[in-house]
Amino acid sequence: MSELSPRFPEMRMRRLRRLPALRQLVRETDLRPSDLVLPLFVRPGQGLRQEIPSMPGQYQHSPDTLVETASRAWELGIRAVILFGIPAYKDEVGSAALDEAGIIPQAILALKRRLPDLLVITDECFCEYTSHGHCGVLSEKGGRRDVDNDRTLEQLGQQSVVHARAGADMVAPSGMMDGMVAAVRHALDAAGFEHIHILSYAAKYASGFYGPFREAAESPPQFGDRSTYQMDPANAAEALREIALDLAEGADIVMVKPALAYLDILRRAKERFGVPLAAYNVSGEYAMVKAAAARGWLDERRIVLEILTAIKRAGASFILTYHALDAAAWLSE
Ligand code: PBG
């Protein structure tokens, strides 16, 4: 507003809020089912629908029930899912993640058979596949056991190619390894998958908000934490550097994660880069809403739509959220 704009009493802001139709006309942000990506957990088996205790309404599926849930999402206008696998076995290096017949390839095949136009995104990381729960291969440097960045990159490339071969449309490296986008891009291109998109978890924070996910994916680190690879929640300038590097390495879309406590990062990334931006409304954010709603302390529908609208308003092009099915149903009423 300039100094020359009229003020009260000539200007009355409430005039624009007076009627529902008017409020709709001037609404700056709109939220649609197609803005939402549904995260889904899949494990080997049949007929499985095992509720995750800290994420009421979310399930570990087997590939067959996964397809049922994804079909529901499709009917509600959701056009993309992101898959997290719980493998049949875990080992030191996470080799189940590279298995062409592993749980994620099985899930992709099942989904594509029934829902060929559903966009299938796969998470590229090893924490669900390693016995120690860290996001890559370990080595010891300076007397400390830590994730070996460059050895993990080789595996990340292989994992992405395995997923692309099974029919994934987009791969999402999430381990916060340096150089991960370039490694995945090179591996995909070398295998003839230059058309497959990379959604990089570029600014991923070492967050307490992932607690319920680690229960859902059976992936908590068995020693230490993820602070040597995920970002310090206190940092913002560093997030912009991470995003710039990932874009330079060829990321098609970059993500900020978690969402709610990091809306400032989303906004700054939107203003600085003007590229497609994803936000991950993570498990702990979901669990807080569900817990409060179960006690009658919050109106779930109202809160969920407010949160998702706010994440879009801050700058997200689309949102990964466990509320996707509920929100899409509410939005289409
Ligand atoms: C890593 C990964 C994590 C999440 C998505 N991908 C967990 C982690 O970094 O520990 C968290 C998502 C959520 O909390 O909803 N594979």
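The model shown is predicted, which means the values in this text are computed figures rather than measured ones.

Thresholds, definitions, all that
- Residues numbered from 1 in each chain as written.
- Predicted model: local features only at pLDDT ≥ 70, side-chain atom pairs only at ≥ 80, totals over all residues.
- Heavy atoms only, no water.
- Salt bridge = Lys/Arg side-chain N within 4 Å of Asp/Glu carboxyl O.
- Helix = DSSP H or I, 4+ residues; strand = E, 2+ residues; numbered from the N terminus.
- Buried < 20%, exposed > 50% of the residue type's maximum accessible area, 1.4 Å probe, protein only.

*Asks:* Quick one: what's the story with the pattern of salt bridges, residue by residue and with numbers?
*Replies:* Opposite charge on two side chains permits them to pair, given that their charged atoms come into close proximity. One pass over the full model with this rule turns up 12 salt bridges. In this structure, Arg165 and Glu100 form a salt bridge, with 3.1 Å as the shortest nitrogen-oxygen distance. Placement of Arg165 in helix α4 (residues 149-166) and of Glu100 in the loop between β4 (80-85) and α3 (103-114) is noted, with a sequence separation of 65 residues between them. We classify Glu100 as partly exposed; its relative accessible area is 48%. In this structure, the salt-bridge partner of Asp169 is Lys112, at a minimum N-O distance of 2.7 Å. With a gap of 57 residues between them, Asp169 in the loop between α4 and β8 (170-173) and Lys112 in helix α3 connect regions that are remote in the sequence. Among the ionic contacts, a cluster of salt bridges with common partners joins Asp30, Arg32, Asp35 and Lys312.

*Asks:* How would you sum up unusual backbone geometry? Please name residues and give values.
*Replies:* Note: most peptide bonds trans; most residues except glycine with negative phi. Residue Pro9 is reached from Phe8 by a cis peptide bond, and omega for that bond is 10 degrees. For Pro9, the position within the fold is in the segment before α1 (20-25). In this structure, the amide linkage connecting Lys257 to the following residue, Pro258, adopts the cis form with an omega of -10 degrees. Here Pro258 is to be found in the loop between β10 (253-257) and α8 (263-273). One non-glycine residue, Met176, lies in positive phi territory at about 55 degrees. Looking at the element boundaries, Met176 is found in the loop between β8 and α5 (180-190). Accessibility expressed as a relative area gives 7% for Met176, which makes it buried. A positive phi angle, near 50 degrees, is found at Glu218, a position not held by glycine.

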